[in-house]
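Listed here are the chains, written in short residue letters.
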Amino acid sequence: MTDLDAATLDGPSPDARVLDRLFATIDARRGADPASSYTAKLLAGGAPAAAKKLGEEAVEAVIEAVLGRPDRLADESADLLYHLLVLWASAGVSPDAVWTALARREGRSGIAEKAARPPA
Ligand SMILES: N=c1c2ncn([C@@H]3O[C@H](COP(=O)(O)OP(=O)(O)OP(=O)(O)O)[C@@H](O)[C@H]3O)c2ncn1[C@@H]1O[C@H](COP(=O)(O)O)[C@@H](O)[C@H]1O
């Protein structure tokens with residue numbers, strides 16, 4: 001989102017807490033009417049359908065990155081995050097589990113982590 005986009009929204013500047021609110025909305029759509037809720041339609045298809053849709057959205061984001069279009073990449077990233085959260089809801093993953101995994105990794109280089117893995 002550009003600064004201009006953010007300025008058109010009501011309330012405080014948006015931040016990553018929107019993800020927790022979005023997940024709560026998604027979770028509350030369980031059993032809702034698929035005719036009136038896109039989320040309910042996705043959830044009705046189960047984790048495999050949500051995973052397939054996530055893959056499609058990932059490809060769309062990759063294409064925008066490769067084409068060097070950051071504004072379109074930001075929009076596709078929002079689609080991608082929404083569909084990732086739908087997959088978490090379908091597959092029984094709570095956002096807190098993911099936030100915890102990220103926090104545990106904070107400050108540890110990926111290179112050091114990989115070097116410390118036991119041999120395959
Ligand atoms: N953040 C989103 C969001 N991002 C993307 N999408 C929808 O994701 C769909 C897929 O986008 P595409 O461009 O890939 O469309 P498509 O290829 O035609 O999709 P398909 O119909 O083939 O699956 C579109 O219908 C988008 O509107 C979203 N739908 C809902 N949300 C959030 O979820 C909330 C609940 O939505 P409902 O469940 O629909 O009430 C909303 O208030 C929003 O906050």
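Residues numbered from 1 in each chain as written. Predicted model: local features only at pLDDT ≥ 70, side-chain atom pairs only at ≥ 80, totals over all residues. Heavy atoms only, no water.

Going by the annotation in an unreviewed UniProt entry, the name recorded for the protein is Phosphoribosyl-ATP pyrophosphatase, with Stella humosa given as the source organism. Under the UniProt heading Catalytic activity (unreviewed entry), the entry covering the protein gives this text: "1-(5-phospho-beta-D-ribosyl)-ATP + H2O = 1-(5-phospho-beta-D-ribosyl)-5'-AMP + diphosphate + H(+)". As its UniProt record puts it under Subcellular location (unreviewed entry), the protein is described as follows: "Cytoplasm". (UniProt positions renumbered as here; feature names shortened; annotations may be inferred.)

A. Focus on the site of the ligand. The full set of residues close to the ligand is Leu22, Thr25, Arg29, Ser37, Tyr38, Thr39, Lys53, Glu57, Asp79, Tyr82 and His83. Lys53 is positioned such that a nitrogen or oxygen atom in its side chain is 3.2 Å from an oxygen atom of the ligand. Measuring from an oxygen atom of the ligand, one finds a side-chain N or O atom of Glu57 at 2.8 Å. If the ligand stood free it would expose 850 Å²; the protein chains cover 51% of that surface. Of all elements in the fold, only helix H2 (18-28), helix H3 (38-44), helix H4 (46-66) and helix H5 (70-91) reach the threshold of two or more residues within the shell around the ligand. Looking at the shell around the ligand residue by residue, the classes come out as three nonpolar, four polar and four charged. (Near = heavy atom within 4 Å. Polar contact = N/O pair within 3.5 Å; in protein donor to acceptor, adjacent residues only side chain to side chain. Areas by Shrake-Rupley, 256 points an atom, 1.4 Å probe, with all protein chains shown as cover. Helix = DSSP H or I, 4+ residues; strand = E, 2+ residues; numbered from the N terminus. Nonpolar A, V, L, I, M, F, W, Y, C, P; charged D, E, K, R; others polar.)

B. Structural view of the confidence of the model for the protein. When pLDDT is averaged along the protein, the result is 92; 93% of the residues meet or exceed 70. Both confidence scores are given for the complex: pTM 0.90, ipTM 0.92. (pLDDT = per-residue confidence, 0-100.)

C. Highlighting the nonpolar core. Membership of the largest hydrophobic core comes to 13 residues, with the highest contact counts inside it found for Phe23, Ile26, Tyr82, Leu85, Val86 and Ala89. If you list the elements that add at least two residues to this core, you get H2, H3, H4 and H5. The element contributing the most residues to this core is H5, with six residues. Ignoring any residue separated from it by four or fewer positions in sequence, one finds Leu85 in contact with Leu19, Leu22, Phe23 and Ile26. (Core = buried A, V, L, I, M, F, W, Y, C linked by side-chain atoms within 4.5 Å. Buried < 20%, exposed > 50% of the residue type's maximum accessible area, 1.4 Å probe, protein only. Contact = heavy atoms within 4.5 Å.)

D. Inspection of the packing of aromatic side chains at higher detail. Under the criterion given, the structure shown has two aromatic pairs. On the basis of an interplanar angle of 75° and a centroid distance of 5.7 Å, the ring pair of Trp88 and Trp99 is categorised as edge-to-face. Of this pair, Trp88 sits in helix H5 while Trp99 sits in helix H6 (residues 95-105), and the two are eleven residues apart along the sequence. (Phe/Tyr/Trp six-rings, centres within 6.5 Å; stacked < 30°, edge-to-face > 60°.)

E. Region of the structure containing the pattern of salt bridges. Tallied over the entire structure, the rule returns eight salt bridges. When salt bridges with common partners are traced through the structure, they connect Lys52, Lys53, Glu56 and Glu57 into a single cluster. (Salt bridge = Lys/Arg side-chain N within 4 Å of Asp/Glu carboxyl O.)

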